Amino acid sequence: MKKIPLFMLLLIIALLASCSDESRSDSEIDVGSTGSKRSYVFAYKQDADEAKLETRAGVLTSRRWTNGQTIRIKFLNGSAAAQAKVKEVADTWLNYANLTFEYVNASENADVKVAFQWENDHITWSKIGTDSKAVSQTKPSVNLMLYNQNDIDEINSDDFSASILREFGHVLGLIYEHQGPDASINWDENRVVNYFKAQGWSLNQIDMVFDSYNKKQTNYTEFDGESIMLLYFPDFLTTDGKGTKWNTKLSETDKQFISTVYPGKAPVTPVLPMTVALQYTQNGGSTYFPYTGVRIGEYYWVNNNFYHEVPRNGNNLEGWENDYPITQARLDKYLPCARLDVSQYQINIADFKKYYGIYYNRQSVDYMTTKGKVYEGEDRKLTSWGLPAAADYQQLFAMCPFSTDQHTALNERDVRFALSAKAGDNPLAFNISDPNNGPYKTYWFLTGNNINIYNFNMMPGGAKLNGSGTWTNGVDDPHSGNVGDIYHLFYTVGFHTKESNIYIHDFLDTRNSFSYHWYNVRWCRQLTDVELGYKLYINTAKTDIKKLGVYDAVPSGYIELAKGYLRGFYVQYILDNPTPKYTIANIVEFANKVEDHTL
């Protein structure tokens, strides 16, 4: 069972038992976090015994400081400005760790000895945890690289602050994030070797990049891409083009984790905004597409269908849908099939692309999964947005309120009313009526039905054909169609999922059989346990659900509550509700009775 956040204690482990280093070189590296250039790489100093990882686990707890301890720190050199900056930044850890830093004179004994560019050492490094105490009082246990100790701009730079935070993370016993059991960085080993050899590394040092701690040596949770303990690796060092970015602040997981290692200062659960600005890119940051994420329970969801184009890739099918865009002629072909008057839907095609989005073929969806990245918020954090699974949509649907006074099962109307744009929310959120008062019209945007409760802005886009054939909608069937023709517009919703696709029509269908037809796409992000501040567990009899702290022990007979309908109903109706209307038995029944074609 995963236990504690990620970057793992070297107080509980020891790959870099003696020290862990980061070095600067004269070459510039674009780290991608702010767009600026940084002359920064890292290296390790390796002791002979550090290759014997499996033998170390029994002695690792010796690197943890005593909880509540005062750690004495002194400076062996450095300007007053540089020393003051170290004190200011290092103390950030003390907002969450139950420790005290006492800064003493250089002539006094100290646990931690800090130096700047000691004996012209251009490597930033630190001993791990209480290993600092074994270092001579006249030698550093932490070395910080500054090109100019009197350069106020360099001293106040994000780079230097990040180095201080990272090295004092080592002082407190933390190792590098990429060495955790769940880091899963897909290294291109040849490129890694060539890259770091060019920085002057030995093969033994390069091997340390690939080393990781096993699960017996660490307490850990899922990989934290925002951790201050995560080093920067360029995208080209990986086989999937997904490196790491340069982090300059403590992540929420950093804060929560260190507070569990040195408990006593309760971490503050962050207040999550209801909306977040997003920037999507799929070409390494050359082009960005703005989107908005909205908070819905335990998730953020993009609040409109993707509208950016996937680049056309020759004879491959990536971007194939670009060859068959929505046009007025294509809409005019569809409208009579639904017995709608063509004159009633002459629109601005740019509005259609914006509000209904693009209908992507499966190869384009896979391209976005591989190449796409989403940066979140004002500080543009690279976060784990991605294509939803069926269970993610199920949990979303379970967040839609329904009245048990009217019916006892969540159905497509409840989902449609809760998530769809209201009439007038955008230029295409309107119904079409027969100008001659005939019976055929659209109903999706009837006034008073839709509440768009989360600003999800769902639109009834239907789908598009991936080949020539026929399709049906119950009116004058069948209808002939060609590649790129639209069908079921105004009546249904279709989204790609990791497994296949989901469809909302006469009923919900969250595990639709795999189809190569073209559907709309939205991405979501599951909030992490640390962001939520809790974990949910259910007993095997499904008679009880417990909300526990992120690092609390799992009760016997309980397992983590999976994403899906049941969890969504619990979040909507019971979680943090002092007087819930429904019981666990009620929501278990709700989950079993959803009018989902797959249940």
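Owing to the predicted nature of the structure, the values given are computational and were not obtained by experimental measurement. (Residues numbered from 1 in each chain as written. Predicted model: local features only at pLDDT ≥ 70, side-chain atom pairs only at ≥ 80, totals over all residues. Heavy atoms only, no water.)

Turning our attention to the overall build of the chain. Scanning the chain for helices and strands turns up 14 helices and 24 strands. Here the chain holds 599 residues, and the buried ones make up 55% of them. Within the chain, residue pairs in contact and separated by at least 24 positions form 71% of the contacts whose partners lie at least 6 positions apart. Just so you have it, the chain exposes about 24700 Å², and 48% of that area is on carbon and sulfur atoms. (Helix = DSSP H or I, 4+ residues; strand = E, 2+ residues; numbered from the N terminus. Buried < 20%, exposed > 50% of the residue type's maximum accessible area, 1.4 Å probe, protein only. Contact = heavy atoms within 4.5 Å. Areas by Shrake-Rupley, 256 points an atom, 1.4 Å probe, with all protein chains shown as cover.)

Right, let's get into helix α13 (residues 565–573). Where burial is concerned, most of α13 is hidden: 8 out of the 9 residues are buried. The complete set of buried residues in α13 reads Y565, L566, R567, G568, F569, Y570, V571 and Y573. Taken together, the buried residues of α13 touch α10 (390–398), β20 (508–512), β22 (535–539), β23 (545–548) and α14 (584–593).

At 3.6 residues per turn, the α-helix brings residues three or four places apart onto the same side. The set of residues buried in α14 consists of I584, I587, V588, F590 and A591. The buried residues of α14 occupy one face: seen down the axis, they fall within an arc of 155 degrees. Turned more than 90 degrees away from the buried face of α14, the exposed residues are A585 and N592. Buried residues along α14 sit in contact with β23 and α13. (Arc of directions from axis to C-beta.)

Residues in a regular strand project their side chains so that they alternate between the two faces of the sheet. Alternating positions in strand β19 (residues 501–504) separate into two faces, N501 and Y503 on one and I502 and I504 on the other, with burial throughout. Relative to β19, strand β18 (residues 493–496) runs antiparallel, the two being bridged by 4 bridges. In the strand pairing of β19, V493 is matched with I504. Between the antiparallel neighbours β18 and β19 lie 4 residues. Relative to β20, β19 runs antiparallel, the two sharing 3 bridges. Paired with Y503 across the bridge in β20 is D509. (Pairing = 2+ DSSP bridges.)

Opposite charge on two side chains makes pairing possible when the charged atoms of those side chains draw close. By the definition in use, this model includes 23 salt bridges. Of the charged contacts in the structure, one is a salt bridge between E252 and K255, with a shortest N-O distance of 3.3 Å. Here E252 pairs with K255, and both are found in helix α6 (residues 252–261), just 3 residues apart, close to one helical turn. Looking at K255, the relative accessible area reads 18%, which means it is buried. In this structure, K535 engages E560 in a salt bridge whose closest nitrogen and oxygen atoms are separated by 3.7 Å. With a gap of 25 residues between them, K535 in strand β22 and E560 in strand β24 (residues 558–560) connect regions that are remote in the sequence. (Salt bridge = Lys/Arg side-chain N within 4 Å of Asp/Glu carboxyl O.)

Spatially, the 3 strands line up as an open sheet ordered β18-β19-β20, and their pairing is antiparallel. Taken across any chain shown, the strands that pair with only one partner, and hence form the sheet edges, are β18 and β20. Sheet twist, expressed as the average angle between the axes of neighbouring strands with direction ignored, equals 15 degrees. Lying on the sheet, α10 is in contact with β18, β19 and β20; it crosses β20 at an angle near 165 degrees. (Axes fitted to C-alpha atoms, helices over the stretch in contact; angles between N-to-C directions.)

Taken in spatial order, the 6 strands make up an open sheet running β13-β12-β9-β10-β11-β21, and their pairing is antiparallel. Each end of this open sheet is capped by a strand with a single partner; those strands are β13 (381–383) and β21 (524–526). When the angles between neighbouring strand axes are averaged without regard to direction, this sheet yields 35 degrees. Across the sheet, α10 touches β10 (289–296), β11 (299–302) and β21, and the angle it forms with β11 is around 100 degrees.

Tracing the sequence through the fold places S227 in the loop between α5 (203–210) and α6. When its relative accessible area of 0% is taken as the criterion, S227 is described as buried. From its side chain, S227 meets the backbone nitrogen of M229 in a polar contact 3.0 Å long. (Polar contact = N/O pair within 3.5 Å; in protein donor to acceptor, adjacent residues only side chain to side chain.)

As a further point, take the packing of helix α1 (residues 80–90) against helix α3 (residues 158–171). Two numbers describe how α1 lies on α3: the axes approach to 9 Å, and their chain directions differ by 60 degrees. In this view, α1 runs oblique relative to α3, as classed from their interaxial angle. As for the relative orientation of α1 and α3, their crossing is right-handed in sense. Seen from α1, the contacting residues are K85, V86, V89 and A90; seen from α3, they are F160, S161, I164, L165 and F168. Per-class residue counts for the contact of α1 with α3 are 7 nonpolar, 1 polar and 1 charged. (Parallel < 35°, antiparallel > 145°, perpendicular 65-115°, else oblique. Left-handed = near helix turned anticlockwise from the far one by under 90°. Nonpolar A, V, L, I, M, F, W, Y, C, P; charged D, E, K, R; others polar.)

Here we come to the packing of aromatic side chains. Geometrically, a pair of aromatic rings is defined through the distance of the ring centres and the angle of the planes. Summed over the entire model, instances satisfying the criterion amount to 37 aromatic pairs. Taking the centre distance of 6.4 Å and the plane angle of 80 degrees together, the rings of F289 and Y307 count as edge-to-face. In this pair, F289 sits in strand β10 while Y307 sits in the loop between β11 and α7 (328–334), placing the two residues 18 residues apart along the sequence. Between Y582 and F590 the ring centres are 5.0 Å apart and the planes differ by 80 degrees, which places this aromatic pair in the edge-to-face class. (Phe/Tyr/Trp six-rings, centres within 6.5 Å; stacked < 30°, edge-to-face > 60°.)

Attention now moves to the pairing of strand β9 (residues 275–281). Inspection of the sheet shows β9 paired to β10 by 6 bridges, in the antiparallel sense. Opposite V276, over in β10, you have G293 as the bridge partner. Here β9 pairs with strand β12 (residues 373–376) via 4 bridges, running antiparallel. Directly across from L278, in β12, lies its bridge partner E376.

To continue, consider the confidence of the model for the chain. The pLDDT averaged across the chain works out to 83; a share of 84% of its residues lies at or above 70. Element-level mean pLDDT values for the chain span from 26 in strand β2 (residues 29–30) up to 98 in β11. Below pLDDT 50 for its whole length, residues 177–181 participates in 36 contacts with residues either more than four positions away or in separate chains. Contacts for the low-pLDDT stretch residues 213–221, under 50 throughout, to residues beyond four places or in other chains number 45 contacts. (pLDDT = per-residue confidence, 0-100.)

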